[in-house]
Amino acid sequence: MKYRNAAEILPEQLLKELQTYIDGELLYIPKSSIKREWGCANGSRIFYQERNREIKRLYKEGSSINTLMKQYGLAYSTIKKIIYG
């Protein structure tokens, strides 16, 4: 995190207003960007949704949990959560 001197970047009026609340202390100002949901930026959310749909489909068509575990490299409990969740 980079610190900048508020006197160098803020208008004088705004600086004086801030000083009435927080004179000489450090103030963190968070980014204004909107936080995206998990997996939206790199497509992993879609990948896992499609994988889980496929696992559910295969289970409904008769594949056993043990077969799905080996096929997808997932734990028994993970396959159960996907199927029954």
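In this text, all values refer to a predicted model and were calculated from it rather than measured experimentally. (Residues numbered from 1 in each chain as written. Predicted model: local features only at pLDDT ≥ 70, side-chain atom pairs only at ≥ 80, totals over all residues. Heavy atoms only, no water.)

Participant: Is there a simple way to think about the side chain of Ser44 in this case?
Facilitator: As for its placement among the helices and strands, Ser44 is situated in helix H3 (residues 44–60). Given a relative accessible area of 16%, Ser44 falls into the buried group. Polar side-chain contacts of Ser44 include one of 2.9 Å to the side chain of Asn42. Other than its neighbours up to four places away in sequence, Ser44 contacts Trp38 and Gly39. (Helix = DSSP H or I, 4+ residues; strand = E, 2+ residues; numbered from the N terminus. Buried < 20%, exposed > 50% of the residue type's maximum accessible area, 1.4 Å probe, protein only. Polar contact = N/O pair within 3.5 Å; in protein donor to acceptor, adjacent residues only side chain to side chain. Contact = heavy atoms within 4.5 Å.)

Participant: Where do I start with the pattern of salt bridges in this structure?
Facilitator: Any two side chains of opposite charge can pair, so long as their charged atoms come close to each other. The full count for this structure, using the stated rule, is 4 salt bridges. Here Arg57 makes a salt bridge to Glu61, at a shortest N to O gap of 2.8 Å. With a relative accessible area of 36%, Arg57 lands in the partly exposed category. Bridged by salt links that share partners, the residues Glu54, Arg57 and Glu61 form one connected network. (Salt bridge = Lys/Arg side-chain N within 4 Å of Asp/Glu carboxyl O.)

Participant: Is there a simple way to think about the packing of aromatic side chains in this case?
Facilitator: Under the counting rule described, the total for this entry stands at 2 aromatic pairs. A ring pair is formed by Phe47 and Tyr48, whose centres lie 5.0 Å apart and whose planes are at 75 degrees; its orientation type is edge-to-face. Consider the rings of Tyr59 and Tyr84, whose centres lie 6.2 Å apart with planes at 80 degrees: the pair is edge-to-face. Of this pair, Tyr59 sits in helix H3 while Tyr84 sits in helix H5 (residues 76–84), placing them 25 residues apart in sequence. (Phe/Tyr/Trp six-rings, centres within 6.5 Å; stacked < 30°, edge-to-face > 60°.)

Participant: It is not clear to me how the nonpolar core should be interpreted in this structure. Could you clarify?
Facilitator: Most often, soluble globular proteins have nonpolar side chains that are buried together. Of all hydrophobic cores here, the largest spans 8 residues; its members are Ile55, Leu58, Ile65, Leu68, Leu74, Ile79, Ile82 and Ile83. Those elements giving two or more residues to this core turn out to be H3, helix H4 (65–72) and H5. Per-element accounting of this core gives the leading share, 3 residues, to H5. Ignoring any residue separated from it by four or fewer positions in sequence, one finds Ile65 in contact with Tyr59, Tyr76, Ile79, Lys80, Ile83 and Tyr84. (Core = buried A, V, L, I, M, F, W, Y, C linked by side-chain atoms within 4.5 Å.)

Participant: Is there a simple way to explain the confidence of the model for the chain in this structure?
Facilitator: Predicted coordinates in regions of low pLDDT should not be interpreted in detail. The predicted model of the chain has a mean per-residue pLDDT of 90, with 99% of residues at 70 or higher. Within the chain, the element-level pLDDT minimum falls on helix H1 (residues 6–9), averaging 90, and the maximum on H4, averaging 97. (pLDDT = per-residue confidence, 0-100.)

Participant: For this particular structure, what's the right way to read the layout of surface pockets?
Facilitator: The rolling of a water-molecule-sized probe over the atoms marks out the regions of remaining empty space. As a volume, the largest pocket reaches approximately 590 Å³. Lining the largest pocket are 19 residues, with Arg4, Ala6, Leu26, Leu27 and Ile29 sitting closest to its centre. Elements that contribute at least two residues to the lining of the largest pocket include exactly H1 and helix H2 (12–21). For the lining of the largest pocket, the class distribution of residues is 13 nonpolar, 3 polar and 3 charged. (1 Å grid on protein atoms, 1.4 Å probe; cavity = no way out; pocket = protein on both sides within 12 Å on 5 of 7 lines; lining within 4 Å. Points joined across faces, edges and corners; volume = space filled by probe spheres on them. Nonpolar A, V, L, I, M, F, W, Y, C, P; charged D, E, K, R; others polar.)

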